[in-house]
Structures are given as C-alpha cells and as structure tokens.
Amino acid sequence: MDLVTALGQAGAGRGDLVGLAVAPDGTVAVAVAGAGWMAPASAVALADRALRPRWVTWSQDTALRLVPAGARLATCWDVAAVHRLLFGGWRADPGWAWAHLRGLPPGEVPAPGERTPGAADLFDAAEEDAAASRAAASDGGRKDPVGPDGYLSREWTRGGWADSPVRLQAWARLAREAAELQGAALAGKEGGEAGVATARSESTAELLCAELATDGLPMDRAVAEQVLTRIIGPRPRDEAASAAVRAARDGEVLRHAPAGVTADLRSPVQVRSLLAAAGVEVPDTRAWRLEEFRDSHPLVAALLQWRKAERIATTYGYGWLDEHLGPDGRLRGSWTGSDGAAGRMTASNGLHNMPAAMRAAVIAAPGHVFVRADLGQIEPRVLAAVSADQALAAATSADDLYLPVAAQLGVDRPTAKVAMIAAMYGQTTGHGGQAGWRMRAAYPVARAYLDSADRSARAGRDLRTYGGRLVRMSGGGGSGTPGADAARVAARGRYGRNALIQGAAAELFKMWAVTVRARALPLGARIVLCLHDELLVHVPAGHAQQAARLVSDCLAETARRWAPGSLGARDGQGGEGAAGAPVRFIADISVVRCWADAK
DNA sequence: GATTTCACGTA
DNA sequence: CGTACGTGAAATCC
C-alpha cells in the first residue's frame, strides 16, 4: 500500500500533524498516533501534494536530508523552532525540548553527543552499556525512547533513534507527540492564536532555510573575481606572491609613518602606537573613531583604506570564493530560522554580511531574474502594530512615515527619524532632547509599550514578542545582582526594547517569506536570500512581473493576518479588533538581473 | 590549544 | 543611533 493511501486511511488530511523522521543515511519514517510506515522520500513528496498534512519534524535536519532527495514539503511543525519560540534561548535538541514540555528540570539533559570529561564520562559509558544490553534483551529496538524518569533516553538522543526502522518510526511518532504538547502549551497562553500562527510560520521557515542552504545564492564567478581584482589585485599564484601583495598593501600605509617607525597593521595595539607616533591619540583604533582624524594625518586615510582591502582579502577573498562558491555558481552556507535572542534568521559563510561591492557578482542564472523586495521602515511600522498606537498607525499610511511624524512633532524629517529610532532602541542619556519628549507625548501608547519593555528588561523579567517568542531576561545577571551596575541595567533595557521590535519584525518577515515561498512555487520562483527585511527571489524571466506582483500581494496578505486591528485581523478578543487604524506595510520591489542594480 | 578581544561587514 | 549576527586575526588564558 502506498503512503498516500495509508495516510488517507489513517485519517490524515490537510493540516493534520504527521510525524516525520529521516535517518542520516536517508531512511524515512512516517507516523501518526496509531501507525507508522517506512517510505522513500519521493513518496513523502507525493503525499505532501496529495494530502498536504503538516509534517512534524524534530529540527531542520529532516528537511536538509529531504530537499536534496527532491522532497520539498509545503508546511511543517518544527519542534526545535517552536521550542525556541515557547522557551527562548538557542538550544532546542529533542531531549532539551522534551524535558521542557514535560515540565522536567532541564539541567540534567546532556547535549546530544556531548561527552563530559572525567567521572561523568564513565557514568555515561556505563549508562549506555546498560541501555544497550536492555535493548538487546528486548529484541533490539523496542525500548521506549522515554525513560522511566520521563526524560528522553540519552542512548536514543545520541543517535540511537536512527538505529532501526522501528526506532525511526517511534522517533517520528514522538515528534508528533511533542508537537501536540507544544500546540497545547501555545493555545493555553494569552493571545494563543497568534502564538500558533507564529509557530507555523517559524516552522515552515525552517523548510525555507533548508532550501536556501541547498540551493545557494546565484553568483557569477568571473564577475566575483573581477571585483576582487579591482580591490585586492589578481589572484596570487602562490604563497610568495600572496605575501608580496600583502607587503605592498602594508607599504601604502607605512610610507606615511614617521621615519623609523613601523608596525604590524594587523595588530590593533601596534596600530595604536603607530598612530600615536604620528600624533593621533585614540583609545582604540576602530574605524568610526578614526574617521574624525581622517584629515589630520595621511596615515589615517591610508589605514582606513587598508582596513577595507584587508577585510575583503582575509574574509571575502579568493579563498572564500573557492570554499563556498560551488562549480554550479551557487554560494552556499547554512541557515538558521531564528537566532537565540530576538528571532532573526542567520546565515553562515558571509551570506548575511557580504560587502556591498560583492553584490555586483550576484547575478541571476541565464533566463532568470531576481525579484528583490525590501520592507520599508519596518521597525516603526511594527511598533505601531504591536503597541496598537493609533496615532502612529495613522502615520503608517504615508509612503514615508517620517514625514507625518515630523509634522506632528513640529521638527524636520531627520530630527524626527533620529527621535523615533532613539525611542525604539534607546538613547543612552535622557529622553532624546526636545524631539524625544514630543515623541513621547505624541505617541503615548507606543511610548508606554516601549517603557514597559524597558522596565521589565531592567528588572530581569522575561519578555514576549507580539508573535509570542520568549525573550529571556532572567538568569545571568538578573535584577538585584550586585554586579549589575547602572550601565549594565540600562543596556538590558535597550536590549529588551530592541528585542520586541526586532523580534516582531522578524516574525512578520518570516511569515511574508513563507507565504511568498508557497505562492510563488507555481511560477518556478525560489527565494535565494533572506536579509532581515529583504527578499531576493530567483525567477524565470518570463514570470518576473507576475512574481513581483505576487510578492507585493503576499505582503498585504501577511499584514492582514499578522497585524493587530488591521482589517479585521485578530478580532474576537473583546472586540477591540476594529478599534485601531490598520497599520500599512510597504515594500520596495524591483526586477533586476544583478543584485547591485537594485535600489 | 582553547577562549577572549578587537575589528568590521550586513540589517 | 541602538541592537543583533558571523568571521578572522591577534592577544590572552590555561
């Protein structure tokens, strides 16, 4: 019997939770509450299209094994992603998440594969031996993954889950059980509806992450090498040539040094001495600090230029290309759906901090273009939404939100912008001057929201974003800690304020991204980069305009579903839904062949 | 050899 | 005009 039929007979339909586990060797197990099956990845893909259940996975690892096998799932419930949402922090392995769901103290949960030194190691070895013999005694695969103490068996969490088909099915079933516990936990909370919606988009964002990692970012190798040649010279033929290039680059700076003075430019300490010898006294040698001395001595300008080239040479040079740009012209790195703090996506291998100059090499494949879209003024708009400040929400109807804000405050636009950003992220002193005080008066609801976040964070109380993500403020230097001096307390306040805005923006962004991912699929469009508020979609040229429109429509759809008081979204909570003005979100969208051509 | 500090790229 | 992240080299710790 094929998987579609089996799942259908088990009653699994659209949106129903179906457990899914994939062993490192690619073996796939599928499970519902009372049954389990082994299936090839292709059958999972077929069942996804036919039934569209919500596949439950322990983590992104599942999709990372399925996507290369051609199975791209529509939606999922990712236990790790939802764990981070519910409980905060970064750690989210099965044993850790399970202990939290069961209300067990997580302190004893070992990291998967963790080997603690000394006596603990001996203990672990003994425990594992005992587990192995118990498993053998009870026919090799039937031992319960949940131990008598309620924790997951460390023998299972350290890889034993994949040891047999029976175990793999049990692991899939257990993921499903964890998902149901998570769903219940979310539904029980204040604003549970939003939490469940966030859990779903955060989960599906993990599928997107696996696809981003697998597909990579289109990059033209020849153009990339041209860019590098312009900045750091041609590719050195050997180590000697490389050293010569470095020496020449250093010489361009050191020739401005006073006679007889030299330094290793890679050593901040020596650079500081070098600058002192040239009459420039600085506490450190960071670029922003050196900027004001740019004209005091030619050494400074030369050094700043050297730093730029050195950054490219060491981090984004030929070695970087060789290591991360595949023969298929795709730049690849790993992706996480949420960092440990506010929940933004992260990427490795420089995908998120590539120097702007390298964007010239990000070029669509033949016959394709990019639809590039970035959210405009996302943070103040998100603030209007999450705080439900009607005055600020009214300002979001403008394409440039800072114009009505400036008019309201009676200041010019740059002043209004600085005051807004200071309010959201926290000026270090006072209330940001006259504009800051007017801001607080003009937008009292937003002000109260930020003040409340600031107070809670200072006091070490945990916060939750609008979408329900826990931002941990407790533990590690909480309130009342003697070492928590005024500066550190203030920093915590800024962190908390920032996390609620940045976190909510990240949730909106991911909901937008997974919506685009789903809707754009029929056009052959693929998201190839996510950059906090920017999407890069790779699409066949013939569908570019359709895709651009779709990206815009998806933002409107997402905003309706996400924003409070917006066009009927989130009503049913005491009827306040219709009270607020809708918050308008905007995106700047362009169709380009090269990323550098956007904007 | 592992960890921390400095620095800097992106948003 | 603050926060976050990832990276690499030097400095420092053990």
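Being a predicted model, the structure only gives us computed values, none of them experimental.

1. Remarks on the nonpolar core
Here is step 1 of the chain: One finds Met219, Trp335, Val405, Trp512, Trp562 and Phe585 to be the most contacted residues of the largest nonpolar core, which totals 105 residues.
Here is step 2 of the chain: Contacts of Phe585, omitting those with residues within four sequence positions, involve Ile378, Arg381, Val382, Ala385, Leu508, Leu555, Ala559, Trp562 and Ala563.
Here is step 3 of the chain: Core analysis: the next-biggest nonpolar cluster, separate from the first, contains 30 residues, Leu17, Leu168, Ala170 and Ala179 among them.

2. Considerations on the environment of Glu557
Here is step 1 of the chain: Counting through the fold element by element, Glu557 comes out in helix 23 (residues 544-562).
Here is step 2 of the chain: Along the primary structure Glu557 and Gly88 are separated by 469 residues, whereas in three dimensions their C-alpha atoms are 28 Å apart.
Here is step 3 of the chain: When sequence neighbours within four positions are dropped, the list of residues in contact with Glu557 reads Thr515 and Arg519.

3. Here we look at helix 20 (residues 433-442)
The periodicity of an α-helix, 3.6 residues per turn, causes residues three or four places apart in sequence to face the same way.
Here is step 1 of the chain: All of the buried residues in helix 20 are Ala435, Gly436, Met439 and Ala442. When helix 20 is viewed along its axis, its buried side chains cluster within an angular range of 130 degrees and face the same direction. Structural note: helix 20 exposes Gln434, Trp437 and Ala441 on the side pointing more than 90 degrees away from its buried face.
Here is step 2 of the chain: Contacts from the buried residues of helix 20 go to helix 17 (390-395), helix 18 (402-409), helix 19 (413-425) and helix 21 (444-458).

4. Concerning the packing of aromatic side chains
Here is step 1 of the chain: Evaluated as defined, the whole model comprises seven aromatic pairs.
Here is step 2 of the chain: With 5.3 Å between their ring centres and 80 degrees between their planes, Tyr466 and Trp562 make a pair best called edge-to-face. With Tyr466 in the loop between strand 11 (463-464) and strand 12 (470-471) and Trp562 in helix 23, this residue pair connects regions lying 96 residues apart in the sequence. In this structure, Tyr466 and Trp562 share a single accessibility class: buried.
Here is step 3 of the chain: One aromatic cluster is present, built from ring pairs that chain together Trp58, Trp156, Trp161 and Trp171.
Here is step 4 of the chain: Positioned above the aromatic ring of Trp90, the side-chain terminus of Arg84 is 4.9 Å from the ring centre.
Here is step 5 of the chain: Above the plane of the ring of Trp595 lies Arg359, whose end atom (NZ or CZ) is 4.0 Å from the centre.

5. Considering unusual backbone geometry
Here is step 1 of the chain: Although it is not a glycine, Arg52 sits at a positive phi angle of roughly 45 degrees.
Here is step 2 of the chain: With respect to the helices and strands, Arg52 occurs in the loop between helix 2 (41-51) and strand 4 (54-57).
Here is step 3 of the chain: Looking at Arg52, the relative accessible area reads 25%, which means it is partly exposed.
Here is step 4 of the chain: In this structure, His532 takes a positive phi of about 70 degrees despite not being glycine.

6. Quick word on the protein's contact with DNA strand B
Here is step 1 of the chain: With respect to spatial proximity, 18 residues lie near DNA strand B, and among them Thr285, Arg286, Ala287, Arg307 and Arg359 are the closest.
Here is step 2 of the chain: In DNA strand B, the atoms that sit within 4 Å of the protein are 80% sugar and phosphate, with bases accounting for the remainder.
Here is step 3 of the chain: Measuring from a phosphate oxygen of DNA strand B, one finds a side-chain N or O atom of Thr285 at 2.6 Å.
Here is step 4 of the chain: Side-chain polar atom of Lys308 to a phosphate oxygen of DNA strand B: 3.5 Å apart, as the coordinates give it.
Here is step 5 of the chain: A per-element tally of the surface near DNA strand B places helix 14 (residues 298-315) first, with three residues.
Here is step 6 of the chain: Residue composition of the surface near DNA strand B, by class: six nonpolar, four polar and eight charged.

Each value, and the rule that gives it
- Residues numbered from 1 in each chain as written.
- Chains lettered and ligands numbered in written order.
- Predicted model: local features only at pLDDT ≥ 70, side-chain atom pairs only at ≥ 80, totals over all residues.
- Heavy atoms only, no water.
- Core = buried A, V, L, I, M, F, W, Y, C linked by side-chain atoms within 4.5 Å.
- Buried < 20%, exposed > 50% of the residue type's maximum accessible area, 1.4 Å probe, protein only.
- Contact = heavy atoms within 4.5 Å.
- Helix = DSSP H or I, 4+ residues; strand = E, 2+ residues; numbered from the N terminus.
- Arc of directions from axis to C-beta.
- Phe/Tyr/Trp six-rings, centres within 6.5 Å; stacked < 30°, edge-to-face > 60°.
- Lys NZ or Arg CZ within 6 Å of the ring centre and 35° of its normal.
- Near = heavy atom within 4 Å.
- Polar contact = N/O pair within 3.5 Å; in protein donor to acceptor, adjacent residues only side chain to side chain.
- Nonpolar A, V, L, I, M, F, W, Y, C, P; charged D, E, K, R; others polar.

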